[in-house]
Amino acid sequence: MVNPQEKEEKDKQQEKKEEVDAKPNGAKTNGKDGKKKAEQLSEEDQQLKSELEMLVERLKESNTDLYKPALESLKTLIRTSTSSMTAVPKPLKFLRSHYPDLTKLFDTWPAGENKDAFADVLSVLGMTYAEDGRRDSLKYRLLGPSEDPAVWGHEYVRHLAMEIGEEYSERTLKDIPDSTDEIMDLAMQLVPFFLSHNAEADAVDLLLELEAIEKLPQFVDAETAARVCLYMVSCVNLLAPPDDVNFLKTAHEIYRKQNQLPQAMTLAIRLDDHDLIQEDLAAAGDDKALKQQLAFMLARQQIWLESEDEDVSECLRNTKLSEYFMSLGREVNVLEPKIPEDIYKSHLENTRSTFGSGQVDSAQQNLASTFVNAWVNAGFGQDKLMLTEEESASWIYKNKESGMLSAAASLGSLLLWDVEMGLTQIDKYMYSSEEYIKAGSLLGVGIVNSGVHNESDPALALLADYVENKSVVLRTSAIIGLGLAYAGSNRTDIVDLLLPIAGDSSLTMEISSVAALALGLICVGSCNGDVTSTIVQTLMEREESQLKDKWARFMALGLALLYLGKQDASDATLETLKVIEAPLAKHAGVLVEICSYAGTGNVLKVQEMLHLCSERLEDKREDADKEDGKADGEEAVANMFQSFAVLGLSLIAMGEDVGKEMVLRQFGHLMHYGEPAVRKAVPLALGLLNASNPEMTVFETLSRYSHDNDLDVAMNAIFAMGVVGAGTNNARLAQLLRQLASYYHREPNALFMVRIAQGLLHMGKGTLTVNPYHNDRQVLNKVAIAGLLSVSVSLLDARDFVLKNSSWLLYLITPAMNPRMLVTVDENLQPLPVTVRVGQAVDVVGQAGRPKTITGFQTHTTPVIVGYGERAELATEEYISVASVMEGVVILRKNPAYMDESA
């Protein structure tokens, strides 16, 4: 009987013997495992292999007449070969062993047509056989540029583009003049191929590597423009300067070339280039509807321009905003005024009293109700506290001092954007004998003019006289009123009016700092040299004790707002601030830096801010303890730059989704390990990052922080919950805030913040937003971010400002308040209700074909509310939108190709 083990061994030996016999000359193969089987070729493959070997042999022969037909045959065989997606084409496979010989042979051939054709073949073979780093495909392509590289197919062109990028980097490092010209010429042959084969991303990436993106527009046509620009604009947040600006300029040039002016205007606004904006507006020519649409876009961004055409000027001044907003209110049925109790829903709280327990200071709660009333009924011009004949006076007198100021100013918010009606209602308080009420009316004038501008300049006429007033309250109210009314205007006459106040060292720090903040709002993002030099000079001249004043931070903020979004334009100012020894200079430096890079997603700046946040101040604290009892105040001043750095994380990362997620994770670490100054800034930073965007993870995190042991952290978290839900009526947030009202019913300051947050949540009864991004989240509104940042900075010390006697600082959020609406009008600007689909926006960058841009949509009739992250599109073919993005006020035109099927 045969042993099974012995039988198995005999079988294995027999197999090995057969394997060796099958190989030529009985050669043995040495693979990794030593048992690689010989490849069994089919008859067809064997014939192809033989043919290729014969052609190679012909190239080695001395008869030059055979070269040309042999090369032509090789080219034909390589081009016509088919393969699966995962396999190398068979001709390339069989020529592998001959590649080294062919490269040596190439060097021996004389220059001429045959050598060029030979180089062409070797360039293709080099794609699969060349060693790493040799770039043979490019080498032979440059040696024999005999024909269009595109004939060899997409994979070859992509490989060539990769090698071009590597070669360009190497040559530029060596810094040899004109060494890259031939590479550039070759790249210019590849770009049209990519664009015509749905590989726009490859074309853009190649030109980016060659630092020649400005050469792209000449190759783009009407078919490829939309996809190219969409890809380029989506890349901007991921690029380092100056590539980001170059991309925007190139995309702008393409849009202009294709006569797509609304898209071009969007990019001109992003570039903040006023010359480009003027050019785009002028390019609309006699097309009045297009000009008016561009004017609406500029008005939404609060860019102040004038036009010779009165109708266009009216759109630029945004004078009809109130009218359109009221039409939205009628459509969604929210014109009926609400009282604070409708918002608080105290009957759902566990405590019995409307304002909490009897221990609570009722004047403070009345003040909270003033703000709630002002924000909930904002822009609707009706309420049940202030604008009723019998109650108006009595409600103002239910507040104390600064509370009266805020109550009178609330009229500006109630009548927001309706300048004529607003000034009529406020006028009666401007002659009040009570100083605070008069001051409130001045601030109200500024608020009512925020976001709209009247050619007769009523705000300047009414407020200019009070700028030099002896009363501090009247003076600061008038100055801030001017700041709110003319935010973003960069008006020289108003700058000249306020500049002496900001630079006067004899004035109190409060007045000068408020003037600096107003100048920052007026000249936001303008790099105004006069304002910069005046504020820096003041910081140098003021005594150190003055610079430690609580108001001094607003002087630093005013300086920082001048450079909002301007990136490295602030470098000179930052260097100057380093020379100033006062601690405020360091805080100002951080503020200037974070504002300069706001919305850019710059990773290096985020890292810098994280380094500042992680600094430990324990040694400094020990030294401070030894001094005579000033430790707390000194520490607050010393730590302030860390609070600003935390806000900076949000400010820099807010423009880009990936950075946003990473920063959210960092906030968790900062709350665990950060200094007190860092911890109380984290909730505000979360609010800034997700303004009017109530993501569940964010407000649940804030809800957790709202029960923090440190009351400052808890109050800021409560306010941030309001900012996150601002104008959304989010039911979950409303429930959380009602629970907090019960939890803090014995803590008046925290309860005040809860009421403020409730007012923010129901802002405009759910029709407003404070998110600084608009136009499909492409454009950052600098005036809005200035308003949000100003409020956040004041809340870093809420007990010294908002909760003490400066509650009016909360009105600084007004420039960020905008309707989140879609109103459609005809070419005469009359309301035109049409059906639209509103759904969640879908990112379609780089997707093939014509993918759907929204998902989970609902069909509505305009005017309609559009939430954060939502997009609208026309549901009818009867009209064509003049605007590129269905948001805000959109002008519609009749579609000339439309056929009414029902007729």
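Going along each chain's sequence as written, the residues are numbered from 1 onward. pLDDT decides what is reported in this predicted model: residues at 70 or higher carry local features, side-chain atom pairs at 80 or more are listed and counted, and totals for whole chains, interfaces and linings draw on all residues regardless. Heavy atoms from the whole structure form the basis of all side-chain values; hydrogens and water molecules are not counted.

**What about the overall build of the protein?**
Next, step 1: Helix and strand assignments follow DSSP, with helices taken as H or I runs no shorter than four residues and strands as E runs no shorter than two, numbered in order from the N terminus. Assigned secondary structure in the protein consists of 42 helices and eleven strands.
Next, step 2: Across the 903 residues of the protein, 55% fall into the buried class.
Next, step 3: Contact between two residues is taken to exist if any of their heavy atoms lie within 4.5 Å; hydrogens are not considered. Long-range contacts, defined as pairs at least 24 residues apart, comprise 71% of the intrachain contacts of the protein with a sequence gap of at least 6.
Next, step 4: All accessible-area figures derive from a Shrake-Rupley calculation using a 1.4 Å probe, and residue coverage is judged against the displayed protein chains alone. Put simply, the protein shows about 39,900 Å² of open surface, and 48% of that area lies on carbon and sulfur atoms. We call a residue buried when its accessible area falls under 20% of the maximum for its residue type, exposed when it is over 50%, and partly exposed in between, using a 1.4 Å probe and counting protein chains only.

**Comments concerning the packing of helix α13 (residues 261–271) against helix α15 (residues 288–300)**
Next, step 1: Closest axis-to-axis distance for the α13/α15 pair is 10 Å, and the angle between their directions is 25°. Between α13 and α15, the interaxial angle falls into the category roughly parallel. The handedness of the crossing between α13 and α15 is right-handed. Between α13 and α15, the contacting residues are L261, P262, M265, T266 and I269 on the first element and L290, L294, M297 and L298 on the second.
Next, step 2: Counted by class, the contact of α13 with α15 contains eight nonpolar, one polar and no charged residues. Fitted lines through C-alpha atoms serve as axes, helices being fitted only where they are in contact, and the angles separating the N-to-C directions of these axes extend from 0 to 180 degrees. Oblique is the label for every angle not falling under 35 degrees (roughly parallel), over 145 degrees (roughly antiparallel), or within 65 to 115 degrees (roughly perpendicular). The crossing is said to be left-handed when, going from far helix to near helix, the turn is anticlockwise and less than a right angle, and right-handed when the turn is clockwise. Charged residues are taken to be Asp, Glu, Lys and Arg, nonpolar residues to be Ala, Val, Leu, Ile, Met, Phe, Trp, Tyr, Cys and Pro, and polar residues to be all remaining types, Gly included.

**Section: the sheet that holds strand β11 (residues 888–894)**
Next, step 1: Read across the sheet, four strands follow the order β8-β5-β11-β10 without closing on themselves; strand pairing throughout is mixed. On the outer flanks of this sheet lie β8 (864–865) and β10 (879–881), each paired with one strand and no other.
Next, step 2: The strands touched by helix α17 (residues 321–331) within the sheet are β5 (821–825), β8 and β11, with β5 carrying the most contacts at an inclination of about 105°. Only strands that DSSP links by at least two bridges are regarded as paired with each other.

**Topic: the environment of F667**
Next, step 1: Mapped onto the elements, F667 comes out in helix α36 (residues 657–673).
Next, step 2: Its relative accessible area of 1% is what places F667 among the buried residues.
Next, step 3: Filtering out sequence-adjacent residues up to four positions away, F667 remains in contact with V646, L649, S650, V682, A685, L686, L689 and Y705.

**Digging into the confidence of the model for the protein**
Next, step 1: Averaged over every residue, the pLDDT of the protein is 83; residues scoring 70 or more account for 89%.
Next, step 2: Here residues 15–38 is a poorly scored stretch, pLDDT under 50, and it has ten contacts once near neighbours within four places are set aside; other chains count.
Next, step 3: Each residue carries a pLDDT score, the predictor's own confidence in it, on a scale running from 0 to 100. Note on residues 352–361: pLDDT is under 50 here. Beyond four places in sequence and across chains, it has 19 contacts.

**Let's talk about the side chain of D708**
Next, step 1: Structurally, the position occupied by D708 is in the loop between α38 (696–705) and α39 (711–724).
Next, step 2: Pairing of N or O atoms within 3.5 Å defines a polar contact, subject to two protein rules: one partner must be a possible hydrogen donor and the other a possible acceptor, and residues neighboring in sequence count only if both atoms are side-chain atoms. Within polar-contact distance, the side chain of D708 engages the side chain of R679 at 2.7 Å.

**Examining a negative patch on the surface**
Next, step 1: Taken together, D657, E661, E695 and D843 make up a surface patch of like negative charges.
Next, step 2: Among the secondary structure elements, D657 is positioned in helix α36. The residues that make up patches have over 30% relative accessible area and no salt bridge, and they are joined within 9 Å when like-charged or within 5 Å when they are Val, Leu, Ile, Met, Phe, Trp or Tyr. The term salt bridge refers to a side-chain nitrogen of Lys or Arg lying within 4 Å of a carboxyl oxygen of Asp or Glu. When charges are counted, Lys and Arg contribute as positive and Asp and Glu as negative, whereas His and the chain ends are disregarded. Think of each charge as sitting on NZ of Lys, CZ of Arg, CG of Asp or CD of Glu.

**Digging into the pattern of salt bridges**
Next, step 1: Scanning all chains against the criterion turns up 29 salt bridges.
Next, step 2: The shortest N-O distance in the salt bridge between E200 and R227 comes to 3.0 Å. Of this pair, E200 sits in helix α10 (residues 200–209) while R227 sits in helix α11 (residues 222–235), and the two are 27 residues apart along the sequence.
Next, step 3: Here R227 falls in the partly exposed class, since its relative accessible area comes to 23%.
Next, step 4: Residue R893 is joined to D287 by a salt bridge in which the shortest nitrogen-to-oxygen separation is 2.2 Å. Of this pair, R893 sits in strand β11 while D287 sits in the loop between α14 (274–283) and α15, placing them 606 residues apart in sequence.
Next, step 5: Relative accessible area serves as the criterion here: at 26%, D287 is assigned to the partly exposed category.

**Looking at the packing of helix α2 (residues 43–60) against helix α3 (residues 67–80)**
Next, step 1: At a minimum axis distance of 9 Å, the contact between α2 and α3 shows a crossing angle of 145°. Handedness of the α2/α3 crossing: left-handed. Within the contact between the two elements, α2 uses L48, E51, L52, L55, R58 and L59 and α3 uses Y67, A70, L71, S73, L74 and L77.
Next, step 2: Taken together, the residues of the contact of α2 with α3 break down into nine nonpolar, one polar and two charged.

**Some points on the sheet that holds strand β7 (residues 854–861)**
Working definition: the strands of a sheet are paired by backbone hydrogen bonds and lie parallel or antiparallel to each other.
Next, step 1: Across the sheet, three strands lie side by side as β7-β6-β9; this open sheet has antiparallel pairing. Where the open sheet ends on each side, the last strands, each with one partner, are β7 and β9 (870–874). When strand polarity is set aside, the average angle formed by the axes of neighbouring strands in this sheet is 30°.
Next, step 2: Relative to β9, strand β6 (residues 835–841) is paired through five bridges, and the arrangement is antiparallel. Across the sheet, the residue bridging to V836 is L874, located in β9.

**Examining helix α32 (residues 583–596)**
Next, step 1: Given the number of residues in a helix, its expected span is that number minus one, multiplied by 1.5 Å. With 14 residues, α32 extends 20 Å between its outermost C-alpha atoms, agreeing within 8% with the 20 Å of an ideal straight helix rising 1.5 Å per residue.
Next, step 2: Burial analysis of α32 places twelve of its 14 residues in the buried class, which makes it a mostly covered element.
Next, step 3: Among the residues of α32, L584, A585, H587, A588, G589, V590, L591, V592, E593, I594, C595 and S596 are the ones counted as buried.

**Some thoughts on the packing of aromatic side chains**
Next, step 1: Here the aromatic set is Phe, Tyr and Trp, taking the six-membered ring for Trp, and pairing holds for ring centres within 6.5 Å; pairs whose planes are under 30 degrees apart are stacked, those over 60 apart are edge-to-face, and all others are tilted. Applying the stated criterion across every chain, the model contains 13 aromatic pairs.
Next, step 2: Plain terms: the ring middles of F371 and Y811 are 4.9 Å apart, the flat faces sit at 40° to each other, and that makes the pair tilted. Here F371, found in helix α19 (residues 362–376), pairs with Y811, found in the loop between α42 (782–795) and β4 (818–819); they are 440 residues apart in sequence, far enough to count as distant. Each of the two residues, F371 as well as Y811, counts as buried.
Next, step 3: Ring-pair connections join several aromatic residues into one group, and the members of that group are W551, F554, F801 and W808.
Next, step 4: Over a ring means this: the NZ of a Lys or the CZ of an Arg is within 6 Å of the ring centre and within 35 degrees of the ring normal. For the cation-ring pair, K586 lies above F641, with the distance from its terminal atom to the ring centre recorded as 3.9 Å.

**Notes on the pairing of β5**
Next, step 1: With five of five residues buried, β5 is to be regarded as a mostly interior element.
Next, step 2: Pairing of β5 with β8 involves two bridges; the strand directions are antiparallel. Its bridge partner lying in β8, M821 is registered against I865.
Next, step 3: Sheet analysis places β5 next to β11, joined by four bridges and oriented parallel. Counted as the bridge partner of T824 is V890 from β11.

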